[in-house]
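# A look at the structure
Next come the chains, spelled out residue by residue.
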Amino acid sequence: MTAKLRVAVFPVAGLGTRFLPATKAMPKEMLTVVDRPVIQYAVDEAKQAGIEHFVFVTGRNKSVIEDHFDRQFELEHTLEQRGKTEALQLLQADLPQPGKTSFTRQQEPLGLGHAVWCARELVGDEPFALLLPDMIFKSEQGVLAQMIAAYEQHGGNVLAVEEVAPEDVSSYGVVGRGEGPDEGFEITQMVEKPKQADAPSNLIISGRYILQPEVFELLENQAKGAGNEIQITDAMQGLLGKQRFTGVKYKGTAFDCGSKVGFLSANVAFALERQDIAVEFLHELNQIIRAAKR
Ligand code: G1P
């Protein structure tokens with residue numbers, strides 16, 4: 001029996017320099033894909049997978065994320081008075097249960113591994129999910145839910161992976177593939193941002209992890225790695241041999257909202273799925289494309 005996955009960690013301390021000036025005073029996680037902030041997509045995915053407690057590792061200028069997951073009495077009152085029940089229900093549906101969110105701050109930008117380590121006291125001695133909110137997915141079943149199936153079968157640690165063009169591997173964490181099917185194969189190696197020639201495969205880590213708490217012990221003394229930052233991938237590689245790591249080639253499409261093109265594509269893709277605006281938006285989009293081709 002594997003321990004139930006109850007807690008998820010969301011590192012949201014990043015500076016978002018790629019989106020300046022939009023992110024000068026606003027966290028990049030609050031940029032919107034259609035009408036929901038990017039962070040909400042990762043939280044929804046975790047909720048759908050049965051996560052009960054949401055841990056956010058924030059930083060300076062990020063307090064609006066905390067506000068987003070709190071009630072807004074004035075707004076609720078106004079909506080109620082104006083009879084805007086649909087909007088009100090929407091807000092209520094997204095609201096986490098009382099006491100089910102925690103926030104801590106990463107005081108210095110020392111890397112993703114360090115951000116995760118900052119959550120150690122809030123997670124405690126149990127397995128946890130790690131969701132990098134920059135990556136959002138369009139999929140029938142949420143990516144974390146797909147991973148839980150493999151977790152229940154294999155226990156240990158589980159990573160969502162996808163194939164990229166071989167020349168792109170150096171931007172990501174890359175895994176080596178051992179025995180087993182796409183739904184759950186053994187990972188033989190993990191390396192952060194390798195040169196194309198050194199990469200064990202073209203399967204990259206897609207920003208979704210199920211991890212055992214022992215990773216915190218490794219992170220405590222983890223040397224700096226790629227980009228001169230403390231990397232979660234290096235700590236995971238340190239655990240390999242002691243614990244199993246399973247790769248899941250998830251079913252779905254990823255959008256990297258940490259890049260401008262990924263973010264814009266996510267907006268188009270999600271808007272075209274929305275019943276309320278899809279037809280009108282597609283019409284506008286076709287016109288824009290036609291005009292651009294001229
Ligand atoms: C992080 C991880 C990397 C992973 C990537 C997914 O890198 O370190 O292993 O493949 O997210 O987006 P970053 O994007 O922070 O450079």
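The present account deals with the structure reproduced in this document. (Residues numbered from 1 in each chain as written. Predicted model: local features only at pLDDT ≥ 70, side-chain atom pairs only at ≥ 80, totals over all residues. Heavy atoms only, no water.)

## What about the nonpolar core?
A general tendency of soluble globular proteins is for nonpolar side chains to be buried together. Grouped together as the largest cluster of nonpolar side chains are 32 residues, with contacts concentrated most on F128 and M236. If we skip the residues at most four places from it in the chain, F128 touches L5, V7, V9, V116, V123, Y209, I210, L211, Q212, P213, V215 and F216. Residues A46, F54, F56 and I210 belong to the second largest nonpolar core, which totals 31 residues. (Core = buried A, V, L, I, M, F, W, Y, C linked by side-chain atoms within 4.5 Å. Buried < 20%, exposed > 50% of the residue type's maximum accessible area, 1.4 Å probe, protein only. Contact = heavy atoms within 4.5 Å.)

## Some words on the pairing of strand β6 (residues 128-131)
Burial of β6 is two-sided: the residues F128 and L130 facing one way and the residues A129 and L131 facing the other way are all buried. Bridge analysis of strand β1 (residues 7-11) against β6 gives three bridges, and the strand direction is parallel. Following the sheet pairing, V7 is matched in β6 by F128. Two strands pair when backbone bridges link them, and β6 and strand β11 (residues 203-211) are joined in this way by four bridges, in the antiparallel orientation. Its bridge partner lying in β11, L131 is registered against R208. (Helix = DSSP H or I, 4+ residues; strand = E, 2+ residues; numbered from the N terminus. Pairing = 2+ DSSP bridges.)

## Notes on the layout of surface pockets
Considering only enclosed or pocket space, the second largest pocket measures out at about 540 Å³ in volume. P37, Q40, H68, L91 and D94 are the residues nearest the centre of the second largest pocket, which is lined by 23 residues in total. For the lining of the second largest pocket, the leading source of residues is helix α4 (residues 85-94), giving four residues. (1 Å grid on protein atoms, 1.4 Å probe; cavity = no way out; pocket = protein on both sides within 12 Å on 5 of 7 lines; lining within 4 Å. Points joined across faces, edges and corners; volume = space filled by probe spheres on them.)

## Description of the packing of aromatic side chains
Taken as a whole and assessed by the stated rule, the structure comprises nine aromatic pairs. Both rings, one in F10 and one in F56, keep their centres 5.1 Å apart while their planes meet at 20 degrees; by these two values the pair is stacked. In this pair, F10 is assigned in strand β1 and F56 in strand β4 (residues 53-58), connecting sequence segments 46 residues apart. Taken together, F10, F54, F56, F69 and F103 form an aromatic cluster joined through their ring pairs. R120 extends its terminal NZ or CZ atom over the ring of W117, reaching a point 3.7 Å from the ring centre. The residue whose ring lies beneath R177 is F185, and the NZ or CZ to ring-centre distance is 4.3 Å. (Phe/Tyr/Trp six-rings, centres within 6.5 Å; stacked < 30°, edge-to-face > 60°. Lys NZ or Arg CZ within 6 Å of the ring centre and 35° of its normal.)

## Here we look at the packing of helix α3 (residues 73-81) against α4
Direction vectors running N to C along α3 and α4 enclose 150 degrees, while the axes themselves pass 8 Å from each other. Considering their axes alone, α3 and α4 lie roughly antiparallel with respect to each other. Residue-level contacts link L75, E76, L79 and E80 of α3 to A87, L88 and L91 of α4. (Axes fitted to C-alpha atoms, helices over the stretch in contact; angles between N-to-C directions. Parallel < 35°, antiparallel > 145°, perpendicular 65-115°, else oblique.)

## Here's the deal with the site of the ligand
In the neighbourhood of the ligand, the contacting residues comprise L112, L132, M135, Y172, G173, E192, K193, I205, Y209, Q231 and T233. Here E192 contributes a side-chain N or O atom positioned 2.7 Å from an oxygen atom of the ligand. Within the backbone of I205, one N or O atom sits 2.6 Å away from an oxygen atom of the ligand. A total of 380 Å² of accessible area belongs to the ligand in isolation, and the protein chains cover 76% of it. Of the residues belonging to the shell around the ligand, the class tally is six nonpolar, three polar and two charged. (Near = heavy atom within 4 Å. Polar contact = N/O pair within 3.5 Å; in protein donor to acceptor, adjacent residues only side chain to side chain. Areas by Shrake-Rupley, 256 points an atom, 1.4 Å probe, with all protein chains shown as cover. Nonpolar A, V, L, I, M, F, W, Y, C, P; charged D, E, K, R; others polar.)

## Topic: the side chain of T246
Mapped onto the elements of the fold, T246 is located in strand β12 (residues 245-249). One polar contact links T246 to R244, side chain to side chain, over a distance of 2.7 Å. In contact with T246, not counting residues within four places along its chain, are A150, H154, N157, V158, L159, G184, F185 and I187.

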